Amino acid sequence: AAGVIQSPRHLIKEKRETATLKCYPIPRHDTVYWYQQGPGQDPQFLISFYEKMQSDKGSIPDRFSAQQFSDYHSELNMSSLELGDSALYFCASSFSDRGLGTEAFFGQGTRLTVV
Amino acid sequence: GDSVTQMEGPVTLSEEAFLTINCTYTATGYPSLFWYVQYPGEGLQLLLKATKADDKGSNKGFEATYRKETTSFHLEKGSVQVSDSAVYFCALSDQTGGSYIPTFGRGTSLIVHP
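Just so we're clear, the structure is a prediction, and the values are computed from it rather than from any experiment. (Residues numbered from 1 in each chain as written. Chains lettered and ligands numbered in written order. Predicted model: local features only at pLDDT ≥ 70, side-chain atom pairs only at ≥ 80, totals over all residues. Heavy atoms only, no water.)

Enquirer: Lay out the nonpolar core with the relevant residues and their values.
Expert: In terms of nonpolar packing, the biggest core is built from 26 residues, with Leu 19, Trp 35, Leu 48, Phe 73, Leu 75 and Tyr 88 of chain B touching the most fellow members. The residues touching Leu 75 of chain B, leaving out its near neighbours within four places in the chain, are Leu 19, Thr 20, Ile 21, Trp 35, Leu 47, Leu 48, Phe 62, Glu 63, Ala 64 and Tyr 88 of chain B. Residues Trp 34, Leu 46, Phe 64 and Leu 81 of chain A belong to the second largest nonpolar core, which totals 22 residues. (Core = buried A, V, L, I, M, F, W, Y, C linked by side-chain atoms within 4.5 Å. Buried < 20%, exposed > 50% of the residue type's maximum accessible area, 1.4 Å probe, protein only. Contact = heavy atoms within 4.5 Å.)

Quick look at the structure:
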């Protein structure tokens, strides 16, 4: 079965550079979530999209932005990178019409290292 | 806001030992509860879930019961294997602004020795 695809799997950037992370949700899923997981930390919710519109916002820095495109893939854009942005970034997708109890399916994550 | 509290790890066990990982939650609504597992270098995979009080989720020998009175969802397994070594995350999903955003605990690392 198709899963959530994230690219790239690994990314190394220098401070103050820009990074773009991509996420391809499971086909027919209408909701995409982005999470940031620091070393030894729980995943922190950044932002979500429902049917290509931003639906909720968590602890996403102003330096970050995201969007969902007409083909439902999503991109997380990160500018003016800082050392503290080094983390594992997860994308997840779900089908919202199933309501409460619908699980989110996660990709394998993009490990971003800022040097 | 909603939150999930898990016991700190790492939890170190010998193969075939009994496992309990405690999880309690705080939620404004009536959440669904989940356990996710993360193997090294991989993403989060759903292990089991429960959507209402007294529901028991189970999968691969793992079980957890939704206890509304104690706001808990403890993970148990009767006999762990080396292959169960991973990080386990308790999570809840509650309706917020019309959507259901999973909220995670800090994760508990399980190490199983042969």
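What follows continues from the structure just given.
Enquirer: I'd like a description of the sheet that holds strand 8 (residues 62-65) of chain B, backed by residues and values.
Expert: All names here are of chain B. The strand order 3-9-8-7 describes an open sheet built from four strands, whose pairing is antiparallel. Because the sheet does not close on itself, it has two edges, and the strands there are strand 3 (19-21) and strand 7 (56-59). The average undirected angle you get between the axes of adjacent strands in this sheet is 15°. When strand 7 meets strand 8, the two strands line up antiparallel, connected through four bridges. Residue pairing across strands places Lys 56 opposite Thr 65, the latter belonging to strand 8. (Pairing = 2+ DSSP bridges. Helix = DSSP H or I, 4+ residues; strand = E, 2+ residues; numbered from the N terminus. Axes fitted to C-alpha atoms, helices over the stretch in contact; angles between N-to-C directions.)

Enquirer: Could you give me a rundown of the interface of chain B and chain A, with the residues and numbers involved?
Expert: Contact with chain B, which involves 24 residues of that partner, is made by 22 residues of chain A. Summed over both partners, the interface of chain B with chain A comes to about 1800 Å²; 54% of that surface belongs to carbon and sulfur atoms. Taken as a group, Tyr 100, Ile 101 and Arg 106 of chain B account for 28% of the area that chain B buries against chain A, more than any other trio of residues on that side. Where chain B packs against chain A, one counts one salt bridge. Salt-bridge contacts for Lys 49 of chain B lead to Glu 103 of chain A; the nearest nitrogen and oxygen are separated by 3.0 Å. Where chain B meets chain A, there are five residue pairs in polar contact (both at pLDDT 80 or more). Contributions of two or more residues to the side of chain B that touches chain A are made by strand 5 (32-38), strand 6 (44-50), strand 10 (86-96) and strand 11 (99-104) of chain B. With five residues, the single largest contributor to the side of chain B that touches chain A is strand 11 of chain B. When its residues are assigned to classes, the side of chain B that touches chain A shows eleven nonpolar, nine polar and four charged. (Buried area = accessible area lost by both parts, 1.4 Å probe. Salt bridge = Lys/Arg side-chain N within 4 Å of Asp/Glu carboxyl O. Polar contact = N/O pair within 3.5 Å; in protein donor to acceptor, adjacent residues only side chain to side chain. Nonpolar A, V, L, I, M, F, W, Y, C, P; charged D, E, K, R; others polar.)

Enquirer: Describe in detail the sheet that holds strand 7 (residues 64-68) of chain A, supporting the description with residues and values.
Expert: All names here are of chain A. Within the open sheet, the four strands sit side by side as 1-3-8-7. Their pairing is antiparallel. A single partner strand is all that each edge strand has here, and the edge strands are strand 1 (5-7) and strand 7. On average, each strand axis in the sheet is inclined to that of its neighbour by 15°, with strand direction left out of account. Taken together, the three bridges between strand 1 and strand 3 (residues 19-24) define a ladder with antiparallel strand orientation. Bridge pairing links Ser 7 to Lys 22 in strand 3.

Enquirer: Which residues make up the pattern of salt bridges, and what values go with them?
Expert: A complete count under the given rule lists eight salt bridges over all chains for this structure. Ionic pairing is found between Asp 55 of chain B and Lys 52 of chain B, a salt bridge with its closest N-O pair at 3.4 Å. Relative accessible area serves as the criterion here: at 21%, Asp 55 of chain B is assigned to the partly exposed category. Since its relative accessible area comes to 47%, Lys 52 of chain B is described here as partly exposed. When the shortest N-O distance is used, the salt bridge between Lys 56 of chain B and Glu 63 of chain B registers 3.6 Å. For Lys 56 of chain B, a relative accessible area of 52% translates into the label exposed. Glu 63 of chain B gets classed as partly exposed once you look at its relative accessible area, which sits at 34%. Via salt bridges that share partners, Arg 63, Glu 82 and Asp 85 of chain A belong to a single interconnected network.

No statement about biological role is implied by the geometric values presented.
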